[in-house]
Amino acid sequence: MATPSAAAPGWFGPAAVLVPVKAFADAKLRLSAVLSPGRRADLARRMAEAVVRSGRGLPVAVVCDDREVAAWAREQGALVVWAPGRGLNRAVQQGVAHLAGYGAELVIVAAGDLPLADDLRWVADFAGTTIVPDRRRDGTNVLAVPTSSRFAFSYGPGSFARHLAEARRLGGPVRVVEAPTLGWDVDVPGDLAGVAGAAGMLPPDTAG
Ligand SMILES: Nc1nc2c(ncn2[C@@H]2O[C@H](COP(=O)(O)OP(=O)(O)OP(=O)(O)O)[C@@H](O)[C@H]2O)c(=O)[nH]1
Ligand SMILES: C[C@H](OP(=O)(O)O)C(=O)O
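Remember, predicted model here, so these are calculated numbers, not experimental data. (Residues numbered from 1 in each chain as written. Chains lettered and ligands numbered in written order. Predicted model: local features only at pLDDT ≥ 70, side-chain atom pairs only at ≥ 80, totals over all residues. Heavy atoms only, no water.)

**Q** Sorry if this is basic, but what is going on with the environment of Gly 103 here?
**A** Examined against the element boundaries, Gly 103 turns out to sit in the loop between helix H3 (87–101) and strand S4 (106–110). For Gly 103, a relative accessible area of 8% gives the class buried. In this structure the C-alpha to C-alpha distance between Gly 103 and Trp 72, which are 31 residues apart in sequence, comes to 25 Å. (Helix = DSSP H or I, 4+ residues; strand = E, 2+ residues; numbered from the N terminus. Buried < 20%, exposed > 50% of the residue type's maximum accessible area, 1.4 Å probe, protein only.)

**Q** Whenever I open this one, helix H1 (residues 37–54) confuses me. Can you help?
**A** Side chains of residues three or four places apart in an α-helix project in the same direction, reflecting 3.6 residues per turn. Over its 18 residues, H1 extends 26 Å from the first C-alpha to the last, a length consistent with the 26 Å expected when each residue adds 1.5 Å. Regarding H1, the residues found buried are Arg 40, Ala 41, Asp 42, Leu 43, Ala 44, Met 47, Ala 48, Glu 49, Ala 50, Val 51, Val 52 and Ser 54. Structurally, H1 contributes buried residues whose contacts are with strand S1 (15–20), strand S2 (60–64), helix H2 (67–75), S4 and helix H5 (192–195). (Expected span 1.5 Å × (residues − 1). Contact = heavy atoms within 4.5 Å.)

**Q** How should the sheet that holds strand S3 (residues 79–82) be read in this particular structure?
**A** Sheet strands associate in pairs through backbone hydrogen bonding, adopting either a parallel or an antiparallel arrangement. One open sheet holds the seven strands; their spatial order is S3-S2-S1-S4-S6-S5-S7, and the pairing between them is mixed. The two strands at the open ends of the sheet, each matched to only one other strand, are S3 and strand S7 (174–176). The sheet shows a mean angle of 20 degrees between the axes of neighbouring strands, direction not considered. By the bridge criterion, four bridges tie strand S5 (residues 129–133) to strand S6 (residues 140–146) in an arrangement that is antiparallel. Paired with Ile 131 across the two strands is Leu 143, which belongs to S6. Sitting on the sheet, H3 touches S1, S2, S3 and S4, and the angle it makes with S1 is about 155 degrees. (Pairing = 2+ DSSP bridges. Axes fitted to C-alpha atoms, helices over the stretch in contact; angles between N-to-C directions.)

**Q** What am I meant to see in the site of ligand 2 here?
**A** Close to ligand 2 lie Arg 30, Leu 88, Gly 139, Thr 140, Tyr 155, Gly 156, Ser 159, Asp 185 and Asp 187. A distance of 3.0 Å is found between an oxygen atom of ligand 2 and a side-chain nitrogen or oxygen belonging to Arg 30. One of the side-chain nitrogen or oxygen atoms of Ser 159 is found 2.5 Å away from an oxygen atom of ligand 2. Spatially, ligand 2 is embedded in the largest pocket. Classifying every residue of the shell around ligand 2 gives two nonpolar, four polar and three charged. (Near = heavy atom within 4 Å. Polar contact = N/O pair within 3.5 Å; in protein donor to acceptor, adjacent residues only side chain to side chain. 1 Å grid on protein atoms, 1.4 Å probe; cavity = no way out; pocket = protein on both sides within 12 Å on 5 of 7 lines; lining within 4 Å. Sits in = over half its atoms within 2 Å of the grid points. Nonpolar A, V, L, I, M, F, W, Y, C, P; charged D, E, K, R; others polar.)

**Q** Before we go on, may I ask you to explain the nonpolar core in this structure?
**A** Grouped burial of nonpolar side chains is what soluble globular proteins tend to show. With 33 residues, the main nonpolar core has Val 62, Trp 72 and Ile 108 as its most contacted residues. Elements supplying a minimum of two residues to this core: S1, H1, S2, H2, S4 and S6. It is H1 that contributes the most residues to this core, five residues altogether. Not counting chain neighbours up to four residues away, the residues in contact with Val 62 comprise Val 19, Val 21, Val 52, Val 69, Trp 72, Ala 73, Ala 78, Leu 79, Val 80 and Val 81. The next biggest cluster of nonpolar side chains, apart from the first, holds 24 residues, and it includes Val 63, Val 107, Phe 151 and Phe 153. (Core = buried A, V, L, I, M, F, W, Y, C linked by side-chain atoms within 4.5 Å.)

**Q** Any chance you could explain helix H4 (residues 159–170) here in plain terms?
**A** For H4, spanning twelve residues, the distance from its first C-alpha to its last is 16 Å, which sits close to the expected 16 Å at 1.5 Å a residue. Every buried residue of H4 is accounted for by Ser 159, Phe 160, His 163, Leu 164, Glu 166 and Ala 167. Down the axis of H4, the buried set is contained in an arc of 160 degrees. They therefore lie on one face. Exposed and facing more than 90 degrees away from the buried side of H4 are Ala 161, Arg 168 and Arg 169. Elements that come into contact with the buried residues of H4 comprise S5, S6 and S7. Of the residues trailing H4, Gly 171 is marked for its positive phi of about 80 degrees. (Arc of directions from axis to C-beta.)

**Q** Just checking my understanding: could you explain the packing of aromatic side chains for this structure?
**A** The geometry of an aromatic ring pair comes down to the distance between the two centres and the angle between the two planes. Applying the stated rule across the entire model yields three aromatic pairs. On the numbers, 5.4 Å between centres and 90 degrees between planes, the contact of Phe 24 with Trp 72 is edge-to-face. One end of the pair, Phe 24, is in the loop between S1 and H1; the other, Trp 72, is in helix H2, and 48 residues separate them in sequence. Accessibility assignment for this pair places Phe 24 and Trp 72 in one class, buried. Look at Phe 151 and Phe 153: their rings are 5.2 Å apart centre to centre, the planes differ by 50 degrees, and that puts the pair in the tilted class. Each member of the aromatic cluster is reached from another via a ring pair, and the members are Phe 151, Phe 153 and Tyr 155. Here the basic side chain of Arg 135 rests over the ring of Trp 184, its NZ or CZ set 3.6 Å away from the ring centre. (Phe/Tyr/Trp six-rings, centres within 6.5 Å; stacked < 30°, edge-to-face > 60°. Lys NZ or Arg CZ within 6 Å of the ring centre and 35° of its normal.)

Here's what the structure looks like:
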């Protein structure tokens, strides 16, 4: 078990959720053709709220490099890990190290763009690596890693295959779980169909 290197909040436990969230105004640029900047930022924030909510019952941290996101995360009751200008992989690596310092033995990394995200607690019931790929089995929507494993994150197109290979290389139990809810991320306009199933996620007059 990791030795806490900083004062952990009293409610901290052996498993924690980490949600990487970039500045809302810079998020989901691939939706720019169908959403105005304001609506795109609003959608990014609402999806991230759904993901933070899905972690309830576990400690939840948001790793970010934007003051607005940090303030929003605190409002949601999440811890903030500040990882300035480092890109997604290094931000996640830093977030996991930070939570390990608090004593977390398992960190559940959940992307912030999962509008249908539901209860994540089941992920913590497995002492090994859990991967929930996106529904195309291309990207990685949820990735739970034991903090002792020093997992090398490799987000980006095709990350599911790389993360599975990394988990196998490190050894230990590995499971891949395909979940219709957690498997639905929103990257391109066609993915907005999944948002329709999430109440209040987009205003009714929004194109797409
Ligand atoms: N902290 C942090 N989070 C990031 C960074 N890049 C992406 N994220 C978050 O990681 C999750 C998955 O990111 P993507 O699916 O690539 O989403 P995106 O970058 O908003 O999408 P595009 O702008 O369309 O490329 C989302 O919750 C993002 O907010 C980063 O550099 N730092
Ligand atoms: C970050 C990336 O997300 P995508 O943009 O492929 O959904 C991934 O899942 O590795």
